[in-house]
Every structure is written in structure tokens, then in C-alpha cells.
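Structure at a glance
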Amino acid sequence: MNSSIRKFIFRDLQAIEGYIDPPDALVFLAVLRSQQSASLQGGLAEIGVYYGRSYFLLRKICGETEKIVAIDPFDIVNPDHGATQYERFLAGGRQLGLSVDAQCVITSDSTLIRPGDIIERAGMVRFFSIDGGHMLHHVEADSHLAAASLAEHGIIVFDDTFNPAWPEVTAGVTDFLRAEAGRFSVFCLTKYKTYVCRQTFHDFYSHTVKTSPELKAFDHLETEFLGSTAIRLHNPMRRRIAYEVMVGLGMRALSERAYR
């Protein structure tokens, strides 16, 4: 296992305000490592940076030389904090000892971005995370933007699918997959995210999820989703509770053991 990055996920990264469930952080690690091992090259992109928790995970896994396009309006205002959202994003990088490539940061509503805006900064993308606006028109625009800038071997990660608080995300992802029937398929599902690739790479990524040592702690359950077989990574409640208890008691350094 990648012990240093697991330590980063379960301890250091928690200092950055944001949201990424440990199972998804480990899927990110497994998929990105499999791409590197197979020499599947390309940039990375993220819609919805917030304060950078998932951005810095990508940076830690992929290294300082990788191009990561970060798209966010950076318009969150917190008068009690005394720093802008973007300033807190940069501060998080300094705290973790990780860089932010300002030339790859796009301060904008993602629905106004063109594929060329991403490709000219990072080339075709091998890993595209979508966690921006959660209304139907946002998901529609973001999914088409991702598809148009994606390398043949690239994947798209949709956040908050099947979250009852954001039903239009589910509708938007389903609409995209139906429209792209035969071209894109789902290869992995977690509690919070849906992982999609082109049909030609479905077996490659399915094999990655099935065999990754990073994911052996989870139950692997197969399910059908719009004509493709996806692996659902089940995170038992007892493990989730054990992890939350350790984090609540300030035992972040030990919380990684819950996911071995």
C-alpha cells in the first residue's frame, strides 16, 4: 500500500476544510496509480475547488509537475474569517507544503468555460472531477465540458449522485449517460460519487477497482447501471462509525487503520 499517501489522506488532509470521504480518496489513489502504471498520460481537472481538499489530494498523488486545472468562482464570503476563499485555498497549500499553479486556476462559473480553456492549460484530461453547481443545468454543462476535454482513457467523477439533498445531480448524470449510451459507462459507485469512463476502458478500470490493495477493505458488490456493470464499494456502518469515533477523539493518526 502507499503508506505515505494514506497517512496524508487520513491525517494531514483533514486540516483542510472540505469534503471527500475516505473511500473516495482511496479510489482516487487507486485509479491515478493505475493510470501512472499503464503510462496513461494527461492532465487533471476539477470543477468545484472549495478550499482545496480534493485538489491537494490530486497534487499529493500526482506530484508537483502535473497540470491540474482548478475551476471555481471563488466567491464564498465569510466575513468572520478575514480571508477570501482563494486566499484560504492558497494558505492550505502552504500548510501542506504543496503548490498551486496559478496559471491553471480558472476563476469562473464553470458553465462559461470552453473545452479549449482546459486543454490549452493541461492538455487532454485523464481525470476530471465534477463537484460544482448541483442544479440540472450545471451538471449538464459540466458533463459535456468534461467529455469534450477528456482523453480517450480518461475518467469523469461525479459528486453527490444519489444524494437526496441534490436530486438534479442524479437526473443530470443519468441524462448524460443515456445521451452517451455506448460511449461512456459507469465502472464504480460509492456512497457519494459515480465513476465513469469510455466503454473501451471499462474493463481496465473495473479490474483496477477489483484488484487494488487500497480498496480491499470494502465489500465489492456488482450492480447494473444503464447497461454497464459497476462495482459498488460498500463501506459497512461499523467501519464508518469506528472511523468517526477515532476522528472525534482526535485520533486521526490511527483512523487509517479502520480502512485496512
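Throughout what follows, the structure given in this document is the object of discussion.

Rules of the game
- Residues numbered from 1 in each chain as written.
- Predicted model: local features only at pLDDT ≥ 70, side-chain atom pairs only at ≥ 80, totals over all residues.
- Heavy atoms only, no water.
- Axes fitted to C-alpha atoms, helices over the stretch in contact; angles between N-to-C directions.
- Helix = DSSP H or I, 4+ residues; strand = E, 2+ residues; numbered from the N terminus.
- Left-handed = near helix turned anticlockwise from the far one by under 90°.
- Contact = heavy atoms within 4.5 Å.
- Core = buried A, V, L, I, M, F, W, Y, C linked by side-chain atoms within 4.5 Å.
- Buried < 20%, exposed > 50% of the residue type's maximum accessible area, 1.4 Å probe, protein only.
- Pairing = 2+ DSSP bridges.
- Salt bridge = Lys/Arg side-chain N within 4 Å of Asp/Glu carboxyl O.
- Phe/Tyr/Trp six-rings, centres within 6.5 Å; stacked < 30°, edge-to-face > 60°.

1. Some details on the packing of helix 2 (residues 22-37) against helix 3 (residues 53-62)
One way to put it is that helix 2 packs onto helix 3 with a least axis distance of 10 Å and a crossing angle of 35 degrees. In the packing of helix 2 onto helix 3, the handedness of the crossing is right-handed. Contacts between helix 2 and helix 3 pair Ala-25, Phe-28, Leu-29, Leu-32, Arg-33 and Gln-36 from the former with Leu-57, Leu-58, Ile-61 and Cys-62 from the latter.

2. Considering the nonpolar core
Counting residues in hydrophobic clusters, the biggest one holds 50 residues, and the most contacted among them are Phe-28, Phe-127, Ile-155 and Phe-187. Among all residues touching Phe-187, those that are not within four sequence positions of it are Val-31, Ile-155, Tyr-195, Val-196, Cys-197, His-202, Tyr-205, Ser-206, Val-209, Thr-229, Ala-230 and Ile-231. Counting residues in each nonpolar core, the second largest holds 28 residues, with Ile-118, Phe-176, Leu-177 and Val-196 among its members.

3. Concerning the sheet that holds strand 7 (residues 193-198)
Pairing in this open sheet of nine strands is mixed, and the strands run 3-2-1-4-5-7-6-9-8 from one edge to the other. At either margin of the open sheet sits one strand with a lone partner, and together these are strand 3 (105-107) and strand 8 (219-225). Averaged over all pairs of adjacent strands, the angle between their axes in this sheet comes to 20 degrees, without regard to strand direction. Contacting strand 5 (150-159), strand 6 (184-189), strand 7 and strand 8, helix 7 (residues 167-179) runs over the sheet at an angle of about 155 degrees to strand 5.

4. Thoughts on the pattern of salt bridges
Taken as a whole, this structure holds 12 salt bridges when the rule is applied. A salt bridge links Glu-120 to Arg-121, with the nearest nitrogen and oxygen atoms 3.4 Å apart. Here Glu-120 falls in the exposed class, since its relative accessible area comes to 59%. Judged by relative accessible area, Arg-121 falls into the partly exposed class, the value being 29%. Between Lys-210 and Glu-222 there is a salt bridge; the shortest N-O distance is 3.7 Å. Of the two residues, Lys-210 sits in helix 8 (residues 202-211) while Glu-222 sits in strand 8, which places them 12 residues apart along the sequence. Classification of Lys-210 by relative accessible area gives partly exposed; the value is 48%. Residue classification places Glu-222 among the exposed positions, given a relative accessible area of 56%. Residues joined by salt bridges that share partners form a network here, namely Arg-6, Glu-214 and Glu-256.

5. Describing the packing of aromatic side chains
On inspection of all chains with the given rule, the structure shows 22 aromatic pairs. Summarising the aromatic geometry, the rings of Phe-162 and Phe-225 are spaced 5.8 Å apart at their centres and angled 55 degrees between planes, so their arrangement reads as tilted. Here Phe-162 is found in the loop between strand 5 and helix 7, whereas its partner Phe-225 is found in strand 8, with 63 residues between them in sequence. Arranged with centres 5.8 Å apart and planes meeting at 45 degrees, the rings of Phe-218 and Tyr-259 form a pair that is tilted. On the criterion of sequence distance, the pair formed by Phe-218 in the loop between helix 8 and strand 8 and Tyr-259 in the segment after helix 10 (252-255) is long-range, its members being 41 residues apart.

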